[in-house]
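Survey of secondary and tertiary structure
What follows is each chain in one-letter form.
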Amino acid sequence: MEEIRFKLPRELESEFESMNKLELSILLNKLLIERLSKVVKFKQIVSKSQLTEKDADELADEISSSLAKRYSEMFPDK
Amino acid sequence: MPNKFVVDANVVISSLIMHGVLSSVFLSNNILKKFEFIAPEFLLEEVKKHKARILKITKLSEQEFEDAYEFLLSEITFIRAEEFSEFLSKARHLAPHEKDVPYVALSVAFNCPIFSGDKGLIKSKLNVVSPRKLLDMLSNS
């Protein structure tokens, strides 16, 4: 397992003072997994996508047109 | 340097392109939290209306689409129509195309640039930041 060293922000030093290093390590491990799991999942999904730039442009134009129409109907006077 | 950007459908959809710049922008910003992305409130609802076609084109499963959708949802703040509707009229004169009106109105209301890869918007005289430029801005932070 890779080991990462980092500096605690000064304003948080007192919060972590009462924790031992093992507790701190477990806490940071959990936070890292929680934070990165969403990123990793999104990256994995996108890596499977067959979407091309041309398809994306066409689809985005359709969605934007539909969105603009919706606002135009909601606010006909504006 | 601005820290708030209006995102359009082009950015949201193109973030699903494999090895694309846009997924890198959202992924980097998720970690760095440097920029705030805002969009008209119904944008992702409109994206969802096109779900069947997106699934067909991307070849992603329904669950994968839902997970990607959730991720994007968490990266964008959606702005209620009431907060920018008074600028729709002005936006109609400024936008290069009718489809861009909600984004331009939001950009005027919040006085921030539009983040888009749409060629028409990029060529316009509006304050538009391309995906490549935004990624550079993130990388240089």
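Owing to the predicted nature of the structure, the values given are computational and were not obtained by experimental measurement.

**Considering the overall build of chain B**
Tallying secondary structure elements over chain B gives 9 helices and 5 strands in all. Starting at the N terminus and ending at the C terminus, chain B contains elements arranged as β-α-α-β-α-α-α-β-α-α-β-α-β-α. Rg of the C-alpha trace for chain B: 15 Å, near the compact-globule value of 14 Å for 141 residues, within the 12% margin. For chain B, the C-alpha atoms occupy an extent of roughly 40 × 35 × 25 Å along the three principal directions. Counting only residues that meet the buried cut, chain B has 42% of its 141 residues in that class. Sequence-distant contacts in chain B: of pairs separated by 6 or more residues, those separated by 24 or more amount to 66%.

**What about the packing of helix H2 (residues 21-32) of chain B against helix H9 (residues 131-139) of chain B?**
Between two packed helices, what matters for the description is the angle formed by their axes and the separation of those axes. Residue and element names in this part refer to chain B. Running from N to C, H2 and H9 cross one another at 30°; their axes reach a closest spacing of 9 Å. It follows from the interaxial angle that H2 and H9 lie roughly parallel. Handedness of the H2/H9 crossing: left-handed. From H2, Val-21, Leu-22, Ser-24, Val-25, Ser-28, Asn-29 and Leu-32 reach across to H9, where they touch Pro-131, Arg-132, Leu-134, Leu-135 and Leu-138.

Cut-offs and rules
Residues numbered from 1 in each chain as written. Chains lettered and ligands numbered in written order. Predicted model: local features only at pLDDT ≥ 70, side-chain atom pairs only at ≥ 80, totals over all residues. Helix = DSSP H or I, 4+ residues; strand = E, 2+ residues; numbered from the N terminus. Rg over C-alpha atoms; globule rule 2.2 N^0.38 Å. Buried ≥ 20, exposed ≤ 12 C-beta atoms within 10 Å, placed from the backbone. Contact = placed C-beta atoms within 7 Å. Axes fitted to C-alpha atoms, helices over the stretch in contact; angles between N-to-C directions. Parallel < 35°, antiparallel > 145°, perpendicular 65-115°, else oblique. Left-handed = near helix turned anticlockwise from the far one by under 90°.

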